[in-house]
Amino acid sequence: MNWQGWAEIALTLGLAVAIGWPLGVFMSRVWNGERTWLDPVLRPFEAFFYTACGVDPKKSQSWHSYAGALLAFNLVGFLVVYGVLRLQGVLPMNPQGFPGLSGHLAFNTAISFVTNTNWQSYAGESTMSTLSQMLVLTTQNFVSAATGATIAAALARAFVANRGEGVGNFWADLIRTTLYVLLPAAFVLAIVLVALGLPQTLSAGVTAHTLEGADQKISLYAVASQEAIKQLGINGGGIFNANSAHPFENPTPLTNLITAVSINVLGWAAFFAFGRSVLAKKDVRALVIAASILLFAAGAGIYATETQPAPAQVAAGVDASVNMEGKETRFGAPATAAWAAMTTGASNGSVNGMHSSLMPLGGGIAMFLMHLGEILPGGIGSGIAIMVVMAVLAVFVAGLMVGRTPEYLGKKIEAREVQLSILAVLAIPVCVLGFSGVAAVLPEALKGLMHNGPHGLSEILYAYTSGTANNGSAFAGLTANAPWWDVTLAIAMAVGRFAPIVAVLAIAGSLVAKPKLAPSAGTLPTHGGLFVGLLIGVILILGGLQFFPALALGPIVEHFQVLAAVAGH
Amino acid sequence: MTTIETHAGEGRRKASALAGGLSSAVLARAAKDSFVKLDPRKLTGNPVIFATWLVALLSTVSAVAALAAHQPASFAIQVSAWLWATVLFANLAESVAEGRGKAAADSLRATRVTTNAKLIVDEKTGTIIPTPAHKLAPGEVILVEAGDVIPTDGEIIEGMASVNEAAITGESAPVIRESGGDRSAVTGGTTVVSDWIKVRVTAQPGSTFLDRMIAMVEGADRRKTPNEIALAVLLAGLTLIFLIAVVTLLGLGKFSGVTLDPIVLGALFITLIPTTIGGLLSAVGIAGMDRLLKVNVLATSGRAVEAAGDVDTLLLDKTGTITFGNRMATEVIPAPGVRPEAALRAAISASLADETPEGRSIIELGRNQGIVLDIPAGATAIAFSASTRQSGLDADGQSWRKGAVDAVYRSLALDPKQVPAEVSGAVDRIARSGGTPLAVSENGVLVGVIHLKDVVKPGVKERFADLRRMGLRTVMITGDNPVTAAAIASEAGVDDFLAEATPEDKLRLIREEQGKGRLVAMCGDGANDAPALAQADVGVAMQTGAQAAREAGNMVDLDSDPTKVIEIVAVGKQMLITRGALTTFSIANDVAKYFAIIPAMFVASLPALGALNIMRLHSPQSAILSAVIFNALVIVALIPLALKGVKYRAIGAGKLLSRNLLVYGVGGLVAPFIGIKLIDLVVAGLGLA
């Protein structure tokens, strides 16, 4: 541990927040249908889509209709991806001649990309054709991210309304977010990444003659453009199996900083956009501060564990001042720690180092960030939406202590909101603990494990955590391309994605009809340091209480075992 | 209040017994009830306690099975016993809370009329048929004479009587009830002391004010309030989450080579679910209603009590609430060349025969400055008349007058322009400040000006400052002109005022406030207040008020004290704070319980987890047992807090939250670490586990 390490982590995290702020203002204008400087270029395209789809963007939908449109759009997206992946072998743009995917793998992959998870049970460079990568998966990289953003836009309208009706138009939100936010941002970032040396080509690849005299086929793709939306859309699914540890995806410390920042930048932007749209900048600033504190603590925690030598290694005389297993030497411990926190704090899931090789507590922290529900800052829109759910629960539990029935951002929190908030956060314990509990005793599932004991349990927990939280990062060691894992993980991803989305939209539907209350001196202040502390406490206690027993059997016990183990034993 | 012991005074005595501590009789009945409530059908409304009941049963079965198989069962028996105790303690909390209401209801029931009412079947002849009270239908007319108990609620259509309403209000001084106006409503169960009245029945049998009061006090038709329902949903959700966390440990544990005892899993589950708040939740609600009853306010629903905590705007009538309602003399300003004391003496002399409150207030002003005068023998009182607009006294050839300034000038033949500037300046100043100037003359010479003003009750300003810190805006409602209203508003420290207010203005103001997203509370007694009372989120009707008002409001103040609404708000807030404090405490407790039970569960198979036993508990079994015991005892320990309520302080939301978070949040984190450790020492010391 040294100060440069701390500074690097702080800088990386801080840059994302700083850039997210102005982008959030822009995103809010897009949500609100206000004019932007991109209008002259993009307005005709936007209008074209509305005409082509027969959508009236001004027609505000009820939450039922909004949620129905969202689910229908995602169902169609799933069917298209599934169909293309199955038929990949007979479709064009397949220079490497890859065959179609198996039923369970196509099912898993289609759900994975539709849910913005990008869990990959396959190695991209040896499975996916250019068509599959560029057209189908990349399309989902954009629209699944935009889908997440729509729920925050709808929720924002619900908070700002005074006895209103509709929560907005799903199609307009989807089209505008894709067109005005994701496409331009990805375009700019892709150009920057090309300039910094990432490949961008449609050719099949090159064949290299290695020093041993063997021929090695090296796949090339349009990496830069894919990389841009992979990070900005908080998708995380790499073209290469090694993801952002691969030198084509992430060649230098500078690309590492840029791509790391871009993991969180639109997640933060959605926080700021929500705050501006709800006219509650101060309150949302408190959410940003709470999330930043937790994220920095997590990054710092991982950095600390990675630079804490294990007693056994010390006793064996090994230089263990930094645990470099599974890390790229060009990045080092601080950059890997920051990335691990940022990718699990958001629902990104790209990695620049192997999480399975983190020290037990470091891996545990990465897992715990996902257990919290992907709110630091989470996916674009989905992160702020679940963060608001956490704020609602915090206000509900402790807010009574000021002697008023709870309210948040001017809306009363009553039985229906509490019920739906519980539903929104229930998906993670149900799927993570439920599937893990079964997989842990199912021989069929255990075949895919590399380890026994606590580390093996961590592999199981991490897989379901990553799937349910729509993160998509993997605890390498688990071979997941098998029917049991493909199917159950797909279910976990779908439940983990759509249960909270429907719950959040239902909350929006309930709140939109309520009167907007004026704050008074008796109203619980939800913008100060006190609320930040309260929110952090509620997030940690709620998350911790659910997962402490499971984590105790995985990373925590492994940690104590590592501490207790001395060389030769 | 007088302390005359009448039949009705007894009702008051019982009511105040209710206000006192817990009698042993109440406790005995509650203890008995808590066993009756072990019937699982009575627990279905409370998922947390029902889950505890179920686990206690399963754990008992498993303990009995172990006994039957001659295996060691001491641990299982002890855990089962404490789980049952947890359910019993939760039941006890509810029973104790209910017990006080039940006792009060019994005393109210005793006042129900059993004798026959005098039903008038023919208005012309006045023919009377004795009819049981419960057969009286609305619209029928009854005769009630001196000594009769009024059989049901109604409206006086003829006559006037003094009525002793102590059975309802506890106030034994009789009040006058007469036909017409706002004093025409009578309540069943009260007694006519003198004269007679004809009453038109207004209440359906079984739904009289007294019936409703009994039901309310007893909690018979107690429904969960919106916030209570929301909280119950949260608690059920947490129970579900912990169920998942505990049940899935079977699989995760097996993978890790840990064998889990079902009793231990059950114990972990029960200690994690929020049994503390789950067990005390209904007691908090009942106690909230009870606290209102103690201040002699009857709420028609718990919902209204909850709404009281949320009130943003308080509409207060000026008269009787903010001011004494009578203009009082505060100073006498002498005319040039007159000594102040002489002017005051003249003012007093002019008022010696004046029995009006204004007149008495001048005598009082003199007494406060050490001047007491008696009416001279043979004095003639000059009464006030509409034409002279002045009054006074003639004695021993001297004359004193006081009256409206222009009237006194006219009788002294003074041209207002010739009046000394000191006097005319004082008159202007008084009028501008909202007061009333009275001119005083002695023997035909102007000697000074009396300043009469509406005096703000002492302490009112401080109370409004408190309210402001609580986040409440106070609006004064008055029929006075804007100038007077503004002067009193600034003196009393209210945030706003509505001058020259009509009932329609009141209603409009309430709607405006509600349109801005504010909750409004008001009190009122007149029939014309009824629409506003119904529109307000919290409408407090005075018991002495019109029947229409009493039905429109959602609370009735038996003392008919308009300032009571402030206490009502505090009671509402206190109830919500208590609920929040117990919830926070309950959830925060779980952290320590994990540190007790998780290492105990796993340490045999995974010794490395012994490091989590940071409390250094004696043994795995003692750790688990101590957590279960702590979990049960904490309910009993918190019953008094649930009943008494967390003290409300008017210090603003931010300070209140940080204070309560510190006590109940941080306290809730720390307390169980200490509590479980102490219990473990005892358990280990006694060799129980």
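Everything below is about the structure shown above.
Reference entry: report on the structure contained in this document. (Residues numbered from 1 in each chain as written. Chains lettered and ligands numbered in written order. Predicted model: local features only at pLDDT ≥ 70, side-chain atom pairs only at ≥ 80, totals over all residues. Heavy atoms only, no water.)

### A short note on the nonpolar core
In step 1: Residues Phe274(A), Tyr408(A) and Trp485(A) are the most contacted members of the largest nonpolar core, which totals 322 residues.
In step 2: Considering every element that reaches this core, the biggest residue donor is helix H21 (residues 564-602) of chain B, with 19 residues. (Core = buried A, V, L, I, M, F, W, Y, C linked by side-chain atoms within 4.5 Å. Buried < 20%, exposed > 50% of the residue type's maximum accessible area, 1.4 Å probe, protein only. Helix = DSSP H or I, 4+ residues; strand = E, 2+ residues; numbered from the N terminus.)

### So, a nonpolar patch on the surface
In step 1: On the surface, Leu662(B), Val663(B), Val666(B), Val670(B), Ile674(B), Leu678(B) and Leu681(B) cluster together into a nonpolar patch covering about 630 Å² of accessible area.
In step 2: Residue Val666(B) is classed as partly exposed on the basis of its relative accessible area, which comes to 40%. (Patch = residues over 30% accessible without salt bridge, like charges linked within 9 Å, V, L, I, M, F, W, Y side chains within 5 Å. Areas by Shrake-Rupley, 256 points an atom, 1.4 Å probe, with all protein chains shown as cover. Salt bridge = Lys/Arg side-chain N within 4 Å of Asp/Glu carboxyl O.)

### Here's the deal with the interface of chain B and chain A
A common way to state how big an interface is: give the accessible area lost once the parts meet.
In step 1: Across the boundary between the two partners, chain B contributes 67 residues, which contact 60 residues of chain A.
In step 2: Contact between chain B and chain A buries roughly 5,000 Å² in total, counting both sides, with carbon and sulfur atoms accounting for 79%.
In step 3: With a closest N to O distance of 3.5 Å, Lys412(A) and Asp310(B) form a salt bridge.
In step 4: The interface formed by chain B and chain A holds 10 residue pairs in polar contact (both at pLDDT 80 or more) in total.
In step 5: Listing elements by their share of the side of chain B that touches chain A, those giving two or more residues are helix H7 (226-247), helix H8 (249-255), helix H11 (302-310), helix H16 (460-469), helix H18 (503-515), H21 and helix H23 (653-685) of chain B.
In step 6: Sort the elements by how many residues they give to the side of chain B that touches chain A and H21(B) lands first, with 15 residues. (Contact = heavy atoms within 4.5 Å. Buried area = accessible area lost by both parts, 1.4 Å probe. Polar contact = N/O pair within 3.5 Å; in protein donor to acceptor, adjacent residues only side chain to side chain.)

### Concerning the layout of surface pockets
In step 1: Taken as a whole, the largest pocket spans an internal volume of roughly 760 Å³.
In step 2: Taken together, 49 residues line the largest pocket, and the ones lying closest to its centre are Met390(A), Val538(A), Ile539(A), Leu540(A) and Leu542(A).
In step 3: If you list the elements that add at least two residues to the lining of the largest pocket, you get helix H13 (382-399), helix H14 (415-439), helix H17 (483-512) and helix H18 (529-564) of chain A together with H7, H21 and H23 of chain B.
In step 4: When residues of the lining of the largest pocket are assigned to their parent elements, the largest contribution, 11 residues, is made by H18(A).
In step 5: For the lining of the largest pocket, the class distribution of residues is 31 nonpolar, 16 polar and two charged. (1 Å grid on protein atoms, 1.4 Å probe; cavity = no way out; pocket = protein on both sides within 12 Å on 5 of 7 lines; lining within 4 Å. Points joined across faces, edges and corners; volume = space filled by probe spheres on them. Nonpolar A, V, L, I, M, F, W, Y, C, P; charged D, E, K, R; others polar.)

### Some thoughts on the pairing of strand E15 (residues 445-456) of chain B
Residue and element names in this part refer to chain B.
In step 1: In terms of burial, E15 is a largely internal element, 10 of the 12 residues being buried.
In step 2: Where strand E10 (residues 323-334) lies against E15, eight bridges are found, and the strand directions are antiparallel. By the bridge assignment, Ala329 is partnered in E15 with Leu452.
In step 3: Pairing analysis gives seven bridges linking strand E14 (residues 436-442) to E15, with the strands arranged antiparallel. Bridge pairing in E15 links Val440 to Gly448.
In step 4: From the end of E14 to the start of E15, which pair antiparallel, there are two residues, and Asn443 there has a positive phi angle of about 50 degrees. (Pairing = 2+ DSSP bridges.)

### Topic: the environment of Ala530(B)
In step 1: Position of Ala530(B) relative to the elements: it lies in helix H19 (residues 530-535).
In step 2: Beyond its immediate stretch of four places on either side in the chain, Ala530(B) contacts Ala548(B), Ala549(B) and Ala552(B).

### Re the sheet that holds strand E8 (residues 297-299) of chain B
Residues and elements named next belong to chain B.
In step 1: Pairing within the open sheet is mixed, and its seven strands lie in the order E8-E20-E19-E18-E9-E16-E17. At either margin of the open sheet sits one strand with a lone partner, and together these are E8 and strand E17 (496-498). Pairwise comparison of adjacent strand axes, ignoring direction, gives a mean angle of 20 degrees for this sheet.
In step 2: Pairing geometry for strand E18 (residues 520-524) and strand E19 (residues 538-542), over four bridges, is parallel. Directly across from Gly524, in E19, lies its bridge partner Ala541. (Axes fitted to C-alpha atoms, helices over the stretch in contact; angles between N-to-C directions.)

### As for the pattern of salt bridges
Residue and element names in this part refer to chain A.
In step 1: Taken as a whole and judged by the stated rule, the model has 52 salt bridges over all chains.
In step 2: Taking the shortest distance from any N to any O, the salt bridge between Lys514 and Glu414 comes out at 2.6 Å. Residue Lys514 is found in the loop between H17 and H18, and its partner Glu414 is found in the loop between strand E4 (411-412) and H14; the two are separated by 100 residues along the sequence.
In step 3: Among the residues examined, Glu414 registers a relative accessible area of 33% and is labelled partly exposed.

### Re the sheet that holds E14(B)
Residues and elements named next belong to chain B.
In step 1: Overall, antiparallel pairing links the six strands, which are arranged E10-E15-E14-E13-E12-E11 in an open sheet. Looking at the sheet topology across the chains shown, the edges are occupied by E10 and strand E11 (380-382). Taking each pair of neighbouring strands and ignoring which way they run, the sheet shows an average axis angle of 20 degrees.
In step 2: In the sheet, strand E12 (residues 390-395) pairs with strand E13 (residues 398-404) via six bridges, with the strands oriented antiparallel. Bridging across to E13, Leu393 finds its partner in Trp400.

### Overview of the packing of aromatic side chains
Residue and element names in this part refer to chain A.
In step 1: Inspection of the entire model under this criterion finds 24 aromatic pairs over all chains.
In step 2: Plain terms: the ring middles of Tyr66 and Phe170 are 5.6 Å apart, the flat faces sit at 80 degrees to each other, and that makes the pair edge-to-face. On the criterion of sequence distance, the pair formed by Tyr66 in helix H3 (residues 63-87) and Phe170 in helix H6 (residues 170-195) is long-range, its members being 104 residues apart. Each member of the pair, Tyr66 as well as Phe170, is classed as buried. (Phe/Tyr/Trp six-rings, centres within 6.5 Å; stacked < 30°, edge-to-face > 60°.)

### Considering unusual backbone geometry
In step 1: Here the bond from Leu376(A) into Pro377(A) is cis, since omega is -5 degrees, no more than 30 degrees from zero.
In step 2: Along the polypeptide, Pro377(A) turns up in the loop between helix H12 (360-371) and H13.
In step 3: In this structure, Asp396(B) takes a positive phi of about 50 degrees despite not being glycine.
In step 4: Of note in this structure, Asn443(B) is not a glycine but carries a positive phi near 50 degrees.
In step 5: Here Asn443(B) is to be found in the loop between E14 and E15.

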